[in-house]
Amino acid sequence: MSNGPSGEPNTPAAPRSATSRQPASPPTTADESGWRRSGKGAALSDVHRSIAVTTAKSRMRRFAAFVGPGYLVAVGYMDPGNWATSIAGGSAFGYQLLVVALISNIMAIVLQSLCARLAIATGRDLAQACRDAYPGWVVWPLWLLAEIAIIATDIAEVVGTAIGLNLIFGLPLEIGVIVTALDVFLILYLQRLGFRYLEAVVIALLAVISICFAVEIGLADPDWGAVIRGFAPTTDILSNPDMLYLALGILGATVMPHNLYLHSAVVQTRAWGAGEPERREALRFATLDATIALMLALAINASILILAAAVFHASGRTDVTDISQAQTLLEPLLGSAAAPILFGVALLASGLNSTVTATLAGQAVMEGFINIKVKAWLRRLVTRAIAILPASGVILLYGEAETGRLLILTQVVLSLQLSFAVVPLVQFTSDRRKMGFLVAPRWLIGSAWLIALIIIALNVKLVADFILPGGSPPLH
């Protein structure tokens, strides 16, 4: 009997009872022969299977044991880079891009459910699955692209956290960028306390962000009829290069590549059973956890865009692309001194939260793709140093005004990287030999392939706008 990636034998599925209403099916256990290489190592080895799943009769108590990973993933859907694209989109086009936030969130729910399915069925995260399924000449480029995505994410977090420190404490951006490197000690401290403590801090910070934006929206008093119409599709996105650029930025900030690697790893912090009933229940609970968390992320993302549309676009300020500029304009336009303070607090909470998830994603990517374990503090400092260089360079050479454009650019880079994570994910979860009885149903796979094609098509359109004769860089 072959061993799974955690070193435990692959346990056959529990037999179905005679009263089961499910029809007979082909062999239900995942087949290790479906992989080019046998699994080695555990996802996020220092916290792998560290959280016990309760055996209580109450379904709510069992579900409570699975609550957490979805909120870690949701953090990536409302990071500072997302703020920049939403503020720019709401300022320039009012409520029209709300539909992009909605569609992106639906895509995210589908893809994150596949991540949980992959982890629970195979015991592999997405990075490990790529390593075990593809030849080396494919694995190494995929790893480099994943690292680029994490660096782009980290740049957004560096700039966003530095801006948050500037808005609240008046700390110069140049100093704030350097201070962000110290967050590694916060993360190490939380991990030492236990993974549940880290999840609790993340959820608490998400609550702070939610409260801040609830108050901001109340002060802005948006046109709710226009808000509802903003969720309807429009062809203007394809015909307007500037709108497409921001739409891709919102897509890249919402469906982020590193979140796919992260979710398939953090789900495995739960110690579910090896039998078929336990795995099916684990999949249901993990999917529900992620769906609820991502609906919260949608509410916050939509709030940022609605705030920008109601405050800036409605007053004729269609050129707001910088977070600092947005914060400065909130008080005179809303008539409340509390508005910019709440904005800064929410931004700082978002930046701190995002550093946690980027660190975990970086660990999962490095361990999964190339099976190298690096101390968490060293991995974090190296990644943060790579992010600090371009962020500091832009601030020193061009000033604070260009930080907004840098944030939007990082989100477009993430969108361009997304296909290289989505395609392997859909390919793996549609393969019965790899997935066994948890192979994704056809309707889900069809939806996921459609999402992948849409992402690829939009990225091709964006690149064509840059390189074809007569094209020009958007937001010029």
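For clarity, every value in this text was computed on a predicted model and none was experimentally measured.

(A) Quick peek at helix α5 (residues 126–133). Burial of α5 is extensive: eight of the eight residues sit out of reach of the surface. Those residues of α5 that sit buried are Leu-126, Ala-127, Gln-128, Ala-129, Cys-130, Arg-131, Asp-132 and Ala-133. Capping of α5 at its N-terminal end is provided by Asp-125; its side-chain oxygen lies 3.1 Å from the backbone amide nitrogen of Ala-127.

(B) Summary view of the confidence of the model for the protein chain. Residues at a pLDDT of 70 or more form 82% of the protein chain, whose mean pLDDT is 80. Element-level pLDDT for the protein chain is lowest in helix α17 (residues 376–398), with a mean of 68, against a maximum mean of 94 in α5. For the stretch residues 1–28, pLDDT sits under 50, and the model shows 41 contacts to residues farther than four places along the chain or on other chains. Counting contacts from residues 471–476, a segment whose pLDDT is below 50, to residues more than four positions away or on other chains yields 13 contacts.

(C) Structural detail: the packing of aromatic side chains. Here the structure, examined in full by the defined rule, presents six aromatic pairs. Here Phe-66 and Phe-285 contribute two aromatic rings whose centre-to-centre distance is 5.6 Å and whose plane-to-plane angle is 50°, an arrangement assigned as tilted. Taken together, the positions of Phe-66 in the loop between α1 (59–64) and α2 (69–75) and Phe-285 in helix α14 (residues 276–311) put the pair 219 residues apart, joining distant regions of the chain. Accessibility classification places Phe-66 together with Phe-285 in one group, the buried group. Geometrically, the ring pair formed by Trp-140 and Trp-143 is edge-to-face, given 5.6 Å between the ring centres and 85° between the ring planes. Of the two residues, Trp-140 and Trp-143 are both situated in helix α6 (residues 136–169); the distance of three residues between them amounts to about one turn of the helix. Note on Trp-143: relative accessible area 15%, which makes it buried. Over the face of the ring belonging to Trp-35 we find Lys-434, whose NZ or CZ atom lies 5.2 Å from the ring centre.

(D) Up close: the nonpolar core. Within the largest apolar cluster, 139 residues are counted, with the highest numbers of intra-cluster contacts made by Leu-97, Leu-126, Leu-260, Phe-312, Phe-343 and Phe-369. Top contributing element to this core by residue count: α14, with 17 residues. Ignoring anything within four residues of it in the chain, the contact list for Phe-312 reads Ile-87, Ser-91, Leu-307, Arg-317, Val-320, Ala-326, Leu-329, Leu-330 and Leu-333.

(E) Quick look at the pattern of salt bridges. Enumeration according to the criterion identifies eight salt bridges in this entry. The partner of Arg-270 in a salt bridge is Glu-199, and the shortest N-O contact between them spans 2.8 Å. Linking Arg-270 in strand β2 (residues 270–271) with Glu-199 in helix α9 (residues 195–220), this pair joins segments that are 71 residues apart in sequence. Summarising the burial analysis for this pair, Arg-270 and Glu-199 share the class buried. Taking the shortest distance from any N to any O, the salt bridge between Glu-276 and Arg-280 comes out at 2.8 Å.

(F) Just unusual backbone geometry, in detail. The backbone of Arg-49 sits at a positive phi, close to 55°, despite the residue not being glycine. Topologically, Arg-49 is positioned in the segment before β1 (51–52). Its identity as a non-glycine residue notwithstanding, Asp-221 has a phi of 50°, on the positive side. Mapped onto the elements, Asp-221 comes out in the loop between α9 and α10 (224–230).

The rules behind the values
Residues numbered from 1 in each chain as written. Predicted model: local features only at pLDDT ≥ 70, side-chain atom pairs only at ≥ 80, totals over all residues. Heavy atoms only, no water. Buried < 20%, exposed > 50% of the residue type's maximum accessible area, 1.4 Å probe, protein only. Helix = DSSP H or I, 4+ residues; strand = E, 2+ residues; numbered from the N terminus. Polar contact = N/O pair within 3.5 Å; in protein donor to acceptor, adjacent residues only side chain to side chain. pLDDT = per-residue confidence, 0-100. Contact = heavy atoms within 4.5 Å. Phe/Tyr/Trp six-rings, centres within 6.5 Å; stacked < 30°, edge-to-face > 60°. Lys NZ or Arg CZ within 6 Å of the ring centre and 35° of its normal. Core = buried A, V, L, I, M, F, W, Y, C linked by side-chain atoms within 4.5 Å. Salt bridge = Lys/Arg side-chain N within 4 Å of Asp/Glu carboxyl O.

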